[in-house]
Amino acid sequence: MPRLLACMGALALVASGCGLTIDYVPEDGSPGQDAATALDGGVAPGDAATDAARDGSPDGGNPDQDAGPVCLDEDGDGVTDCDGDCDDGDPTRHPGALAICGDGVTQDCSAGAEDAVCGGLGTFVSSTTGSDANPGTQAMPVATIAQGIAHAMTIGGGVDVFVAEGLYPEDVTLVDEISLVGGHDPASWRRDPASHVSTIRPPSFVGVRAPSGVGATTALDGFRVEARGGPSTGTAVTILAGAEPVISNNTLIGPDNGGASRGVAINPANMTNTGVRPTLFGNTIQVGRSGSGWGGGNGGWGVYVVQTTVDVVGNTILLSEAHTIQRGVELFGCPDGRVSKNDIRGVSGPETVFGIRVASSGATVDGNLVTPGVVDQYGLGIALEGNITRVVVTNNIARGGDSAAQFSAGLWVAFERAPTTRPDVVVHSNFFAGGAARGWATSAGAALVLESGGPLTLGRFTDNILFHGSTGNGAAFIEHPSGPIDPERFVNNALHDPSAASAAIGPSLYLDEGSSRLTMIGDVNRLAGASGNLWNDCGLLGLAGGDYHLPAGSVCVDAGDATEMPPEDFEGDARPLGAGPDIGPDERVP
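Rules and cut-offs
Residues numbered from 1 in each chain as written. Predicted model: local features only at pLDDT ≥ 70, side-chain atom pairs only at ≥ 80, totals over all residues. Heavy atoms only, no water. Helix = DSSP H or I, 4+ residues; strand = E, 2+ residues; numbered from the N terminus. Buried < 20%, exposed > 50% of the residue type's maximum accessible area, 1.4 Å probe, protein only. Contact = heavy atoms within 4.5 Å. Areas by Shrake-Rupley, 256 points an atom, 1.4 Å probe, with all protein chains shown as cover. Pairing = 2+ DSSP bridges. Axes fitted to C-alpha atoms, helices over the stretch in contact; angles between N-to-C directions. Disulfide = S-S within 2.5 Å. Phe/Tyr/Trp six-rings, centres within 6.5 Å; stacked < 30°, edge-to-face > 60°. Lys NZ or Arg CZ within 6 Å of the ring centre and 35° of its normal. Salt bridge = Lys/Arg side-chain N within 4 Å of Asp/Glu carboxyl O. Core = buried A, V, L, I, M, F, W, Y, C linked by side-chain atoms within 4.5 Å.

Draft legend 1. Quick look at the overall build of the protein. Regarding its fold elements, the protein presents 5 helices and 46 strands. For the protein, with 590 residues in total, the buried portion stands at 55%. Across the protein, the fraction of contacts at a sequence separation of at least 24, relative to all contacts at a separation of at least 6, is 70%. For the protein, the exposed surface amounts to about 21,600 Å²; the carbon and sulfur share of it is 52%.

Draft legend 2. Up close: the sheet that holds strand E9 (residues 208–210). An order of E9-E12-E15-E18-E21-E24-E28-E32-E35-E39-E43-E44 is seen for the 12 strands of this open sheet, with the pairing classed as mixed. Each having just a single partner strand, E9 and strand E44 (516–518) make up the two edges of the open sheet. Adjacent strand axes in the sheet meet at a mean angle of 15°, parallel and antiparallel pairs treated alike. Judged from the 5 bridges that link them, strand E12 (residues 234–239) and strand E15 (residues 261–266) form a sheet pairing that is parallel. Opposite Thr238, over in E15, you have Ala265 as the bridge partner.

Draft legend 3. Examining the state of the cysteines more closely. Evaluation of the coordinates by the stated rule reveals 4 disulfides. At a sulfur-sulfur separation of 2.1 Å, the disulfide partner of Cys71 is Cys82. The disulfide joining Cys71 to Cys82 has a torsion of about -100° about its S-S bond and is therefore left-handed. Pair noted here: Cys71 is in the loop between helix H2 (48–54) and strand E4 (124–125) and Cys82 is in the loop between H2 and E4, with a separation of 11 residues, a long-range link. The exposure class assigned to Cys71 is partly exposed, which follows from its relative accessible area of 38%. Here Cys101 connects covalently by a disulfide to Cys118, the sulfurs 2.1 Å from one another.

Draft legend 4. Quick look at the packing of aromatic side chains. Taken as a whole and assessed by the stated rule, the structure comprises 9 aromatic pairs. Considering the side-chain rings of Phe477 and Phe490, the 4.8 Å spacing of their centres and the 65° angle between planes classify their relative orientation as edge-to-face. Remark: Phe490 occurs in strand E41 (residues 489–491) and Phe477 occurs in strand E39 (residues 477–479); sequence separation between them is 13 residues. Site record: aromatic cluster; members linked through ring pairs are Phe461, Phe477, Phe490 and Tyr510. It is Arg357 that lies over the ring of Phe354; its NZ or CZ is 5.4 Å from the centre.

Draft legend 5. Structural view of the side chain of Thr80. Checked against the element boundaries, Thr80 lands in the loop between H2 and E4. With relative accessibility at 16%, the residue Thr80 sits in the buried group. Beyond its immediate stretch of four places on either side in the chain, Thr80 contacts Cys71, Leu72, Asp73 and Asp85.

Draft legend 6. Geometry of the pattern of salt bridges. Counted by the stated rule, this structure contains 19 salt bridges. When the shortest N-O distance is used, the salt bridge between Arg93 and Asp87 registers 3.8 Å. Relative accessible area serves as the criterion here: at 16%, Arg93 is assigned to the buried category. As a salt-bridge pair, Arg489 and Asp561 come within 3.3 Å of each other at their nearest N and O atoms. One end of the pair, Arg489, is in strand E41; the other, Asp561, is in the segment after strand E46 (534–535), with 72 residues separating them in the sequence. We classify Asp561 as buried; its relative accessible area is 18%. The network of salt bridges with shared partners includes Arg390, Arg422, Asp424, Arg460, Glu488 and Glu564.

Draft legend 7. Highlighting the nonpolar core. Ranked by internal contacts, the top residues of the largest apolar core, which has 91 residues, are Ile145, Leu384 and Phe432. Each residue touching Phe432, except ones within four places of it in the same chain, is listed here: Ile382, Val393, Ala398, Gly410, Leu411, Val427, Ala447, Leu448, Asn464, Ile465, Leu466 and Phe467. Counting 14 residues, the second largest nonpolar core, distinct from the first, contains Ala414, Ala446, Ile478 and Leu511.

Shown next as structure tokens:
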């Protein structure tokens with residue numbers, strides 16, 4: 001794990017030069033307490049009490065209460081000054097610390113101007129001021145990332161490579177236990193990736209490459225990676241089978257290609273891939289323009305994962321306007337995975353959008369914000385398809401894209417034929433809304449659609465807010481006529497139809513078996529497995545766009561069912577906070 005990215009409890013480590021400074025962040029958010037005060041029971045260094053403590057008299061010198069010297073760990077690195085910490089204001093310096101080679105400082109507190117393990121080499125890289133003939137120190141950096149990695153391999157011990165702002169037109173292959181940390185000022189070596197952009201522009205179509213054997217202690221952090229455009233499939237970052245790096249806090253630009261465009265591809269060769277779990281965290285991923293057409297090799301992806309358990313957390317994924325199939329995150333054939341807290345945004349122009357697609361996989365899909373934009377054909381916020389196993393969908397806010405010709409759904413659960421083994425599907429505490437759609441008479445503008453090529457009872461749907469699309473046919477909840485298909489459980493959901501047609505013909509709450517339009521909530525609750533559902537907008541309809549917090553007085557507060565509820569809401573607030581859980585992704589804080 002790169003030391004510049006570490007967090008230990010309530011001690012937030014912040015980059016300062018090539019090392020770190022430390023700020024104490026109280027758990028209650030209160031200001032005014034520094035690290036020394038927090039770690040020393042409220043005694044700040046330098047005052048009389050601290051001086052007395054160091055003299056062995058914590059009561060100010062009373063020998064009858066002498067408890068001996070107090071050892072401090074002001075920087076939270078786990079080593080006290082009594083144990084030989086030579087700089088208790090810098091958590092990167094203490095006996096046994098990993099070296100930062102080339103900064104002119106001994107991290108391990110040994111004598112000399114540099115850690116002995118460095119052997120005179122450094123791992124500092126600057127394309128603007130460096131030369132690969134240099135030793136790689138801050139004063140004399142190397143020019144290429146490849147040379148920085150070569151120095152790190154020579155030094156050994158898993159030292160990090162520090163990369164300054166500039167353009168790096170080279171193929172980069174990650175090496176196990178060697179993290180690449182971008183975003184440094186080449187003069188001061190202070191780190192600020194937003195101001196000091198380190199751009200990797202690989203000449204190959206695979207982009208930055210993580211081969212088999214690269215483990216979870218290897219990170220790529222703080223870079224801009226621009227994938228190569230051209231006639232072939234192009235990818236900004238490719239993680240091969242057997243690799244599990246951490247790809248974090250980068251800007252990844254998919255190419256404008258004649259083939260597929262992918263921000264991140266994990267195991268694209270479709271190999272059996274067990275025992276690893278790559279992590280994508282905090283990245284901004286731009287999907288490029290790409291060739292059109294259906295099929296696994298066409299269109300654009302923010303994240304494409306095959307047969308791999310993965311964590312895709314806290315990323316922003318921007319779909320392009322290209323007239324192709326666009327997918328924010330797709331899991332295909334994955335045994336498990338977590339797709340959580342991502343912001344997936346569409347624009348106007350694509351043929352079809354899948355915000356999140358889980359195909360023949362198991363997954364937890366939690367707390368995502370999905371807005372597919374305007375599409376020509378199919379605009380699906382979240383889609384579950386194929387031989388899925390266990391999928392838990394909680395706390396999401398997902399809208400269907402506005403469709404010019406076909407249909408739109410916040411959540412689409414579809415099978416071309418009834419699966420031989422019934423999937424285990426839990427859908428709890430979400431907000432789903434259909435978009436404006438003018439397509440199939442039974443499928444346009446739905447919050448939630450179930451479709452099967454044969455008889456099937458599937459899914460437990462609880463405490464969701466379901467809005468029918470603003471125009472078009474359909475309903476808040478649709479059982480597609482290709483069926484028959486029914487939910488196992490449909491309990492304590494709030495259904496609403498804000499479309500203009502509802503004023504004239506009644507609200508389209510539920511389309512049973514694709515043909516029976518239910519306009520009364522009592523009829524919905526008489527369906528098999530249904531109870532406690534509401535005809536209500538939960539007070540959200542009158543709120544400003546983008547606000548999904550339940551207002552005071554909402555009938556959906558404390559009106560949920562706790563069965564299989566997620567322990568937290570979409571912002572991390574505990575559930576329940578009142579007499580019962582709230583309906584929807586927000587648990588209202590009293």
